[in-house]
Structures are given as C-alpha cells and as structure tokens.
Amino acid sequence: MEIAVAVRPFGSKRPIGVPRRRFASSCVRAAVAPAKDEAGVSDLRRLSTAAGPLHPGSDLAFERILVQGLAAVKPLVIERVEPENELLAVLVVEKEEEEMKRVVVKVAEERKEPAVEKEAWRLLNDAVVSYCGSPVGTVAANVPEAEALNYDQVFIRDFVPSAVAFLLKGETEIVRNFLLHTLQLQSWEKTVDCYSPGQGLMPASFKVRSVPMDGRKDEVEEILDPDFGESAIGRVAPVDSGLWWIILLRAYGKITGDYTLQERVDVQIGIRLILNLCLSDGFDMFPTLLVADGSCMIDRRMGVHGHPLEIQALFYCALRCSREMIAIDDGSRSLLRAVNKRLTALSFHIREYYWVDMKKINEIYRYKTEEYSQGATNKFNIYPEQIPSWLVDWIPEKGGYLIGNLQPAHMDFRFFSLGNLWAITSSLTTPRQAEEILNLMENKWEDFIGNMPLKICYPALEHDEWRIITGSDPKIRKPWSYHNGGSWPTLLWQFTLACIKMGRPELARKAVSVAEKRLSNDQWPEYYDTLTARFIGKQSRLYQTWTIAGFLASKLLLENPEMASIFTFEEDMELLEGCACSLTNHPRAKCSRHVPKAQVLV
C-alpha cells in the first residue's frame, strides 16, 4: 500500500534534503511531549554523532510524504492537514515502518525453508568473514580446495546480495559492520605509479589479514587490507563500489529503522566525498558519468567505457538515495542543488537518447548526418549503418530497452541486464519504458533466461568484433560465456526487484523456479555458458557467494514483496519538470529539452 500524504506544515517545515522518516519522527516527538532543552534530550540522541540538528524553515509550500507499504493500491491524497490532524498523518508513517520491521521478524521466526534454501543459508553463513570477532562481509567464493586468487576477499558489489538476504532475514549486524568498516577504508591513501585518485573512492574489495604486532614477535593482530584497483587486472578503479555503498546504506536504514547510522558525522562525510567525486567538473558535455572500461560488474575490456548504462543507472539510484540521507547544513545546500540538477538532466538524457524500440530504430535508420545546428535531430551524429543486422529481426513490435552505451558517433545496441533492471528499480525509465523492458524480456525468454537466469548482456561478441572490442581477450573469446553473453544467477534478485516494482512478480517466480531446479545440483556456479545456459561456465567458480545470496534474496522478496521498497523508487515529478540546463531563458541559446511533457513523463 502506498499512501501519499500532502502535508502543509504548521509551525515548522522539513528542510530540503532531510529524510522524510527522520523529520516525521521529530514531529511525533514534538507533538507527543513538550519541547525540551538540550539537557532534556534522550540519551540516544545525546550520544549520537549526528552531523547536526535539523534546521527548521524551508521555501516549500508543502511536502509529500510517501509511505511504502503492502500492495499497489490507489494512493490516498490529502491536500491539507489541519493542525489537530497533523500528528495523525505523521503517525501513519511510523505505523508503516513498524509494520515493515514486524514482517522481517515474522519471516525470520516462522518461515519453513525447503532443503535447497537450508543448504544455501548454510553456505552463505560459511562464507561470512569476521574481523576482530565481528562479521564484516562474505568472501566471493568459498571452495577450500581451489586456488584462492582474489575470491577469498570481500568485494563491495558482491556483498550487496548477501546484505539483502541478511537484512530480509533480520540479521543486520553484519551489514552495519560492513558499511562502517568499508567507510574507514575510504580515507586510505591510494597510489598507482606515483599517482593517487580523488578522495571518496571506495575499494573494490578488502581482505582480513593477520600481521605481527609491533614489538611483539609472538603476537598478531588483524588488519583490513583494501584493493582500490591497484592490484586488479587492468588497474581500473571500481566506480560502482561507492554507488553500491550508498544504495546499501539507504536500504539498511529503511529496513531497520536505525537512521542514526546515516546521521553519524563520518557517514555524512563519506556520502559527500563520494558525491563530490562523481559530480566534479570535467570536459564532458553530458550528464552521464564518464568511466574507463571494466569499472563495474563487467570488469574486463568489453566496450563498456565512456557512458555505460550500468554505471548511469547505479549513479542515478545513488543520487536519489543521497538526496534522502544528506543532513542539511551550510556546507550541504550547494551539494543538494547539484544533486537535484544532475538527477533532472540525467533522467531526461537516458530516457530520450538511450531508449530504443521499433519506432526509434526506424527513426535512426532515416537519420541525416553531419547536422551542424543547435536544433539537430541527430545530436550525436549517429550513422544509420551502425544498426546491427541482428537487431532488425530480433526486436519485437511490442517491447524496447535502454542501449548499453552512447557516445558521439557511437551507439552500443547490446542489451545489458543490470543497467536495464536498475533503471526500472530507480525509476530512471518512464513507467511505459519499464513495462516495455519487461515485455521484451518476457518475449525473448529463451534468450535472457533459457535454462538459467540471467544473461549479463545480449548478444555476444564474435570474430572481428570480439578482437577489436576486447583486445583479443582469451577469457571472453568464447561467445555466450563469462562477461561475453554468459548467464549469471546473481542477477536474479535484481530481476525480482524490477518485476515486483512493476507488479509482475509472476515473471520473477518463473525465473526463480528455473534456477531452483539446477543451482544446488550444479554446486552454485558463478556463471553458465552457451546461448541458453545449458553448461556450467568453463572457468566458473563453484559455491559462488553472490549466486547463493541472489537466490535467497529473490525467494525472500517474492514471499514478502512489500520489502522490495527498501531499494525501489517511484517517479519524482519535481525532478522531471525541472530543467537542469537553465537555458530556457538564455537569449543566445536554445534548450534541447523542448519536448512534449508527456514524452518525458509517460
């Protein structure tokens, strides 16, 4: 159930950027008990390392409080809440959050697990890594007889599905520890060939090591040894690590109700450092984030440099999460304005220029090139000959998707699953586009799901295309294997999130059923090979942790679909109606965003 309550504040207003839940709680305290001086605040509040008090006052006439709940029903909209009813409106928020926590506890206590799930939980718990006696993450894979390589490390992106599974089961300590310890690693000095990347970079992974204590030869101490990409293949910085960290931080707060973690000074600084790194000025003309190849889940050279969809979708989601969590003070107001402007520009850019369906492809086919004007239709000078032959017969009449990459004179028409699914989850797409993506995946079920969900990208690179784009990488030479069109079961939980958000859980159940038949017997592989995922990946690690966790998270989400709201976002009309480029009234420039409003919102 979603209840949208439009509250016209009386006496105080929620400052821009202050999380609605946090403001609601303060309203309840103020309404229930008389105001107290600093000495009268609770021990919890006094001992918290919050970034500062909430600042009353705002130029907003009203605020909308959005409550995520149990089922998709028509929202209740109250245009005005009188003073005597204001407490009632706020208590609705509190009640919904208590209901969410109650569901988590009920699942943990009453749920009867089938044998395959019991095995999965045992394997996931066996993969837990401890630091100084406390759990801090899970290893990438737990196969004692196999060479460790870097699979014995805790990867930021790999831990996310594990965190989701633990949170949904009510085991929150490991997630809190993970968030705080990775935050401590953020400030470490990183150097590659005498050069250090910008502040705010999160590590790709870390490992718990035992080292001798200074001056005590017979005693050892545990340390966290991070890898920021200086040891990775290709020495590429993990752009997605900081984005995943922000997304997980918001999810932790929503499911536990522990917003004091977000309010800590060190956490607030960590969020701002990541945002400053992502929002720093450069030479780029586009709102998309410019990255090197291999800086995300596809961590090898696969033509995902420039402005890959996966990074843009995670970037957009992280910006929306940050917008809720950043505490208001004099130093954050300009940052919040920058976040809002970037969100507006990014949503328009992706919806307008990354989207393709049969109609759009036909438009590209008829593009004129070499247009030199501000009113050009073919803004990126895309040559129609770039339309691949496979796409013409593959794309159905009903259905569409967001392309994998867009740069001047270049469109990557491959379908990348993670980027499209997170675009749905975060409402980076329009509602119509989100429906069309799922329609396409349902229509091409054998291509995306086959014998094991889910294709990481479609289609695979072959022959000269493989040689030119990958640099003749032997690990991905085989089509439909590994990052080159392989099937990765860990993507199942993200598919489940998108399906639940769009009211189509039956698609997710069908995919989970396919996976459940094989994963345990196949010993939980990292990925599968062949067009329809018939074979276990040739070099696939067994007992891969995020395969196990992705399956468990999917099962828990399907049994309690209301919990999907810890990651999903709904449309924000204020963002969509704004114009980030500020050129509308400029006497010498035309805003390229003059398109029908329905085209942006629908």
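Everything below is about the structure shown above.
**Q** How should the overall build of the chain be read in this particular structure?
**A** When helices and strands are counted, the chain shows 22 helices and 13 strands. Out of the 602 residues in the chain, the part that is buried amounts to 55%. Across the chain, contacts joining residues at least 24 apart in sequence account for 74% of those joining residues at least 6 apart. Taken as a whole, the chain presents about 27500 Å² of accessible surface, with 53% of it coming from carbon and sulfur.

**Q** Can you walk me through the pattern of salt bridges in this structure?
**A** Once their charged atoms are close, side chains differing in charge can pair, the charge on each being opposite to the other. Throughout the structure, instances matching the rule amount to 21 salt bridges. Between Arg504 and Glu435 there is a salt bridge, with the nearest N and O atoms lying 3.8 Å from each other. Here Glu435 lies in helix 15 (residues 431-443) and Arg504 lies in the loop between helix 18 (492-501) and helix 19 (505-516), a separation of 69 residues in the sequence. Under the relative-accessibility criterion, Arg504 is labelled buried at 11%. Glu435 sits in the partly exposed class, given a relative accessible area of 28%. Among the ionic pairs, Arg504 bridges to Glu442, the shortest N-O distance being 2.5 Å. Residue Arg504 is found in the loop between helix 18 and helix 19, and its partner Glu442 is found in helix 15; the two are separated by 62 residues along the sequence. For Glu442, a relative accessible area of 39% translates into the label partly exposed. One salt-bridge network, in which partners are shared between bridges, spans Glu435, Glu442, Arg504 and Glu506.

**Q** Is there a simple way to think about the environment of Gly137 in this case?
**A** Secondary-structure assignment places Gly137 in strand 4 (residues 134-138). On the basis of relative accessibility, which here comes to 0%, the residue Gly137 falls in the buried class. Sequence spacing of Gly137 and Phe155 is 18 residues, and the spatial spacing of their C-alpha atoms is 8.4 Å. Among residues more than four places away in sequence, those in contact with Gly137 are Ala127, Val128, Val129, Val154, Phe159 and Ile174.

**Q** In this structure, what is going on with helix 4 (residues 115-126)? I would like to understand it.
**A** Every α-helical turn comprises 3.6 residues, leaving residues that sit three or four positions apart pointing alike. Spanning twelve residues, helix 4 covers 17 Å between terminal C-alpha atoms, matching the ideal 16 Å at 1.5 Å per step. Looking at helix 4, one finds that the buried residues are Val116, Glu117, Glu119, Ala120, Trp121, Leu123 and Leu124. Against the buried residues of helix 4 lie strand 3 (128-131), strand 4, helix 5 (156-168), helix 19 and helix 20 (545-559).

**Q** Is there a simple way to explain the pairing of strand 10 (residues 410-416) in this structure?
**A** Every regular strand shows the same layout, with side chains that alternate between the two sheet faces. Across the seven residues that make up strand 10, a large majority, six, are buried. Bridge count for strand 9 (residues 400-407) against strand 10 is four bridges, and the pairing is antiparallel. Among the inter-strand pairings, Leu406 is bridged to a residue of strand 10, identified as Met411. Where strand 9 folds back onto strand 10 in an antiparallel hairpin, the turn is made up of two residues, including Ala409, whose phi is positive at roughly 65 degrees. The pairing of strand 10 with strand 11 (residues 457-458) spans two bridges and is antiparallel. The residue bridging Phe416 from the neighbouring strand is Cys457, located in strand 11.

**Q** Help me out: how do you make sense of the environment of Ser130 in this one?
**A** By the element assignment, Ser130 lies in strand 3. On the basis of relative accessible area, Ser130 is assigned to the partly exposed category, the value being 39%. What Ser130 contacts, discounting residues up to four positions off in sequence, is Pro135, Val136, Val208 and Glu222.

**Q** Would you explain the state of the cysteines in this entry?
**A** Covalently bonding the sulfur atom of one cysteine to the sulfur atom of another cysteine gives a disulfide. Counting across every chain of the model gives zero disulfides. Here Cys321 is not disulfide-linked; the sulfur of Cys317 is the nearest cysteine sulfur, at 4.3 Å. Accessibility expressed as a relative area gives 1% for Cys321, which makes it buried.

**Q** I tried to follow helix 19 on my own but got confused; where do I start?
**A** Between the first and last C-alpha of helix 19 there are 16 Å, a value that for twelve residues agrees with the 16 Å anticipated at 1.5 Å per step. Where the residues of helix 19 are buried, they touch helix 15, helix 16 (445-448), helix 18 and helix 20.

**Q** What is the right way to look at the environment of Lys368 in this model?
**A** With respect to the secondary-structure elements, Lys368 resides in the loop between helix 12 (358-365) and helix 13 (389-394). What makes Lys368 exposed here is its relative accessible area of 63%. For the pair Lys368 and Asn378, spaced ten residues apart in the sequence, the C-alpha separation amounts to 6.8 Å.

**Q** Sorry if this is basic, but what is going on with the sheet that holds strand 11 here?
**A** Sheet strands pair via backbone hydrogen bonds, and the direction of the pair is either parallel or antiparallel. Sheet architecture is open: four strands sit in the order 8-9-10-11, paired in antiparallel fashion. Only two strands of the sheet have a single neighbouring strand rather than two, namely strand 8 (355-357) and strand 11. Strand direction decides the pairing type here: strand 8 and strand 9, joined by three bridges, are antiparallel. Opposite Trp355, over in strand 9, you have Leu402 as the bridge partner. Against the sheet, helix 11 (residues 333-354) contacts strand 8, strand 9 and strand 10, and its axis sits at roughly 105 degrees relative to strand 9. Docked against the sheet, helix 12 engages strand 8 and strand 10, running at close to 100 degrees with respect to strand 8.

**Q** Explanation requested: the packing of helix 9 (residues 265-278) against helix 11 in the structure shown.
**A** When two helices pack together, their arrangement is captured by the angle between the axes and the distance separating the axes. Between helix 9 and helix 11, the least distance of the axes is 11 Å, while the angle of their chain directions is 50 degrees. Considered as vectors, helix 9 and helix 11 are oriented oblique to each other. Read as a crossing pair, helix 9 and helix 11 show a hand that is left-handed. Taking contact as the criterion, the partners of Arg272, Leu275, Asn276 and Cys278 in helix 9 are, on helix 11, Leu335, Val339 and Arg342. In terms of residue class, the contact of helix 9 with helix 11 is built from four nonpolar, one polar and two charged.

Here is what the cut-offs are and how they apply
- Residues numbered from 1 in each chain as written.
- Predicted model: local features only at pLDDT ≥ 70, side-chain atom pairs only at ≥ 80, totals over all residues.
- Heavy atoms only, no water.
- Helix = DSSP H or I, 4+ residues; strand = E, 2+ residues; numbered from the N terminus.
- Buried < 20%, exposed > 50% of the residue type's maximum accessible area, 1.4 Å probe, protein only.
- Contact = heavy atoms within 4.5 Å.
- Areas by Shrake-Rupley, 256 points an atom, 1.4 Å probe, with all protein chains shown as cover.
- Salt bridge = Lys/Arg side-chain N within 4 Å of Asp/Glu carboxyl O.
- Expected span 1.5 Å × (residues − 1).
- Pairing = 2+ DSSP bridges.
- Disulfide = S-S within 2.5 Å.
- Axes fitted to C-alpha atoms, helices over the stretch in contact; angles between N-to-C directions.
- Parallel < 35°, antiparallel > 145°, perpendicular 65-115°, else oblique.
- Left-handed = near helix turned anticlockwise from the far one by under 90°.
- Nonpolar A, V, L, I, M, F, W, Y, C, P; charged D, E, K, R; others polar.

Without other data, these values stay purely geometric and don't point to any function.
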